[in-house]
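# A look at the structure
Single-letter residue listing:
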Amino acid sequence: RLLAPGPFDVAYLEEIVNSFYAPRSEAERTQANALLSQFTEHPDSWTRVDQILERSTRLETKFLGLKILQSCIQQRWKIIPEAQRKGIKDYIVNLVITISSDATRYRESKAYVSKLNEVLIQIVKQEWPAQWPNFISEIVDSSQSNETLCENNLRVLKLLSEEVFDFSSGQMTQKRILDLKQQFNADFAKVFQLCHLIFTSSQSVTLLQVTLETLHRFLNWIPLGYIFETKLIETLVTKFLPLAQFRNTVLNCLTEIAGLELDAGQAAYAAQLQALFIGAVQQLTALIPPTADLARAYDEGSEEDSQFVHFLCLFLTTFLRTHAAIVEGQPPVLLQALDWLVRIFRGPGEGGLQDGPRVLARPGEGSLPQGPPARSPGPRRLRHGRQAGRPAGLGPAGHVRGRPDRGAQDRHQ
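Everything in this summary refers to the structure shown in the same document. None of these values were measured; they are calculated from a predicted model.

Let's shift gears to the overall build of the chain. Secondary structure summary: the chain contains 20 helices and 0 strands in total. Residue pairs in contact within the chain that sit at least 24 positions apart in sequence constitute 75% of those at least 6 positions apart. Counting every atom, the chain has about 18,700 Å² of accessible surface; 52% of that belongs to carbon and sulfur.

Generally speaking, a soluble globular protein has its nonpolar side chains buried in company with each other. Formed by 119 residues in total, the largest nonpolar core has its most connected members in I227, I257, F277 and L312. Ranked by residue count, the leading element in this core is helix α18 (residues 303-323), at 9 residues. Once residues within four sequence positions are removed from consideration, I257 is found in contact with L219, I227, F228, I233, L236, L273 and L276.

It is worth spelling out the packing of aromatic side chains at this point. For the structure shown, the criterion picks out 21 aromatic pairs. Between F8 and F39, the ring centres sit 5.8 Å apart and the planes meet at 20°, which makes this aromatic pair stacked. Placement of the pair is F8 in the segment before α1 (10-21) and F39 in helix α2 (residues 26-41), with a sequence separation of 31 residues. Of the two residues examined, F8 and F39, each falls in the buried class. Pairing F188 with F192 gives two aromatic rings, centres 6.3 Å apart and planes at 50°, and the pair type is tilted. On the criterion of helical spacing, the pair formed by F188 and F192 is a turn pair, its members being 4 residues apart in helix α11 (residues 188-201). According to the relative accessible area criterion, F192 is buried, its value standing at 14%. Three or more aromatic residues link up through ring pairs in this structure, and these residues are W128, W132, F135, F165, F184, F188, F192, F218, W221 and Y226. Sitting above the plane of the F20 ring, R29 keeps its charged end 5.5 Å from the centroid.

The next subject is helix α16 (residues 270-287). In this model α16 runs 26 Å from its N-terminal to its C-terminal C-alpha over 18 residues, within 8% of the 26 Å that 1.5 Å per residue would give. Considered for burial, the residues of α16 that qualify are L273, L276, F277, I278, G279, A280, V281, L284 and L287. Where α16 is buried, its residues meet α13 (224-228), α14 (232-240), α15 (247-258), α18 and α19 (331-345).

Another aspect to go through is the packing of helix α5 (residues 82-100) against helix α9 (residues 147-165). Axes are the key here: two packed helices are described by the angle between their axes and the distance separating the axes. Here α5 crosses α9 at 130°, and the two axes come no closer than 8 Å. Overall, the two elements α5 and α9 adopt an arrangement that is oblique. Mapping the contact onto sequence places V96, I97 and S100 in α5 and T148, L149 and N152 in α9. Looking at the contact of α5 with α9 residue by residue, the class counts come to 3 nonpolar, 3 polar and no charged.

Along the chain, W128 connects to P129 via a cis peptide bond; the corresponding omega equals 5°. Residue placement: P129 occurs in the loop between α7 (110-127) and α8 (135-143).

So, on to the state of the cysteines. Inspection of the entire model under this criterion finds 0 disulfides. C150 supplies the cysteine sulfur nearest to C195, a cysteine that is in no disulfide, at a spacing of 8.5 Å. On the basis of relative accessibility, which here comes to 2%, the residue C195 falls in the buried class.

What follows covers the side chain of T61. With respect to the helices, strands and loops of the structure, T61 is situated in helix α4 (residues 59-76). Judged by its relative accessible area of 0%, T61 is buried. If sequence neighbours within four positions are ignored, T61 has contacts with L13, E14, V17, I52 and S56.

Looking at the second largest pocket, its volume works out to about 420 Å³. What lines the second largest pocket is a set of 21 residues, among which T40, E41, L64, K67 and I68 lie closest to the centre. Contributing elements (two or more residues each) for the lining of the second largest pocket: α1, α2 and α4. Of the residues forming the lining of the second largest pocket, the biggest block, 9 residues, is contributed by α4. Residues that form the lining of the second largest pocket fall into these classes: 10 nonpolar, 7 polar and 4 charged.

About the thresholds
- Residues numbered from 1 in each chain as written.
- Predicted model: local features only at pLDDT ≥ 70, side-chain atom pairs only at ≥ 80, totals over all residues.
- Heavy atoms only, no water.
- Helix = DSSP H or I, 4+ residues; strand = E, 2+ residues; numbered from the N terminus.
- Contact = heavy atoms within 4.5 Å.
- Areas by Shrake-Rupley, 256 points an atom, 1.4 Å probe, with all protein chains shown as cover.
- Core = buried A, V, L, I, M, F, W, Y, C linked by side-chain atoms within 4.5 Å.
- Buried < 20%, exposed > 50% of the residue type's maximum accessible area, 1.4 Å probe, protein only.
- Phe/Tyr/Trp six-rings, centres within 6.5 Å; stacked < 30°, edge-to-face > 60°.
- Lys NZ or Arg CZ within 6 Å of the ring centre and 35° of its normal.
- Expected span 1.5 Å × (residues − 1).
- Axes fitted to C-alpha atoms, helices over the stretch in contact; angles between N-to-C directions.
- Parallel < 35°, antiparallel > 145°, perpendicular 65-115°, else oblique.
- Nonpolar A, V, L, I, M, F, W, Y, C, P; charged D, E, K, R; others polar.
- Disulfide = S-S within 2.5 Å.
- 1 Å grid on protein atoms, 1.4 Å probe; cavity = no way out; pocket = protein on both sides within 12 Å on 5 of 7 lines; lining within 4 Å.
- Points joined across faces, edges and corners; volume = space filled by probe spheres on them.

Next comes the structure, spelled out in structure tokens:
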């Protein structure tokens, strides 16, 4: 009935979905599951997805349609006629743009848009760059027209970075992975310019937070010149680290940079690394009271304070493990960093964070409004040993450098 000729019966599909998620009996759930499996596994089920997305009222039904389409893209894309491939691409792109351009609808549909983004990335992995050479240019250009569209575009770029540099193993051929990495590197200047524009002109806490999180995903593979030959480090340390909304994500970014091991040809960057550490410690000194019990803040404090102490520890230990010699001539800064580490690793003592759990943040600092605490991903494996001067992160013999590939299971943890 679901694949019978004529108009697609979305209402009937919704009845089946409702029977699966809210059955009156286990037998009803089993029957619904069998019907849904039969429908999703049919080779023509993807042709009904546009009607499902446009006419269904249940989010679960929309997710079912997107799951069908994503499976089709991954398994059957090359055998679908070119005109239909273009139709699918245009439909998904337009749907993403329509929803994310409307701030209210975008905020109310975050889960749905996130799934649409995943489907879009599967199309990008198939089409870009051969059949879609202007993808990066298009997404960067459209970002300048609308803040919520820009926010979602950055989430798409973050997802693409993860797909190409983190989770590509076993998903694509090695040649295809290499082609995507090289193309992303070649187009990265446009993305960096977009991030710079947002950092210098936006007052949206949400957009700035998403930009920082996206940048965090880029730092392990972009050419070193973007890090050390621009004002990126200065911007992170002086503009965003002092602000409570961003400090955890900024510490993650600084940790990625701190983990870079410079070779003999990159010694010129040592001064920037030293300035990073000195500036970060000075900013953090203004945030952390001298008597703050960091061990207790980690064990018993708010989630925000616990994350802050965790990321502070990760930043300090990463930098000192990799670049201690650079700051040996800066005793006050080095001693302050070591003092924090001692206070983190000793057991919780008397007292706690002064003036309540948010004393580490100083509301009102900076020009940006206060917002929700930053929610940063946990510590990630650091990638070392990139070479400066090579185009777009390419290493010796044409090998693209980047974080070691990890399986899809790690992505969902």
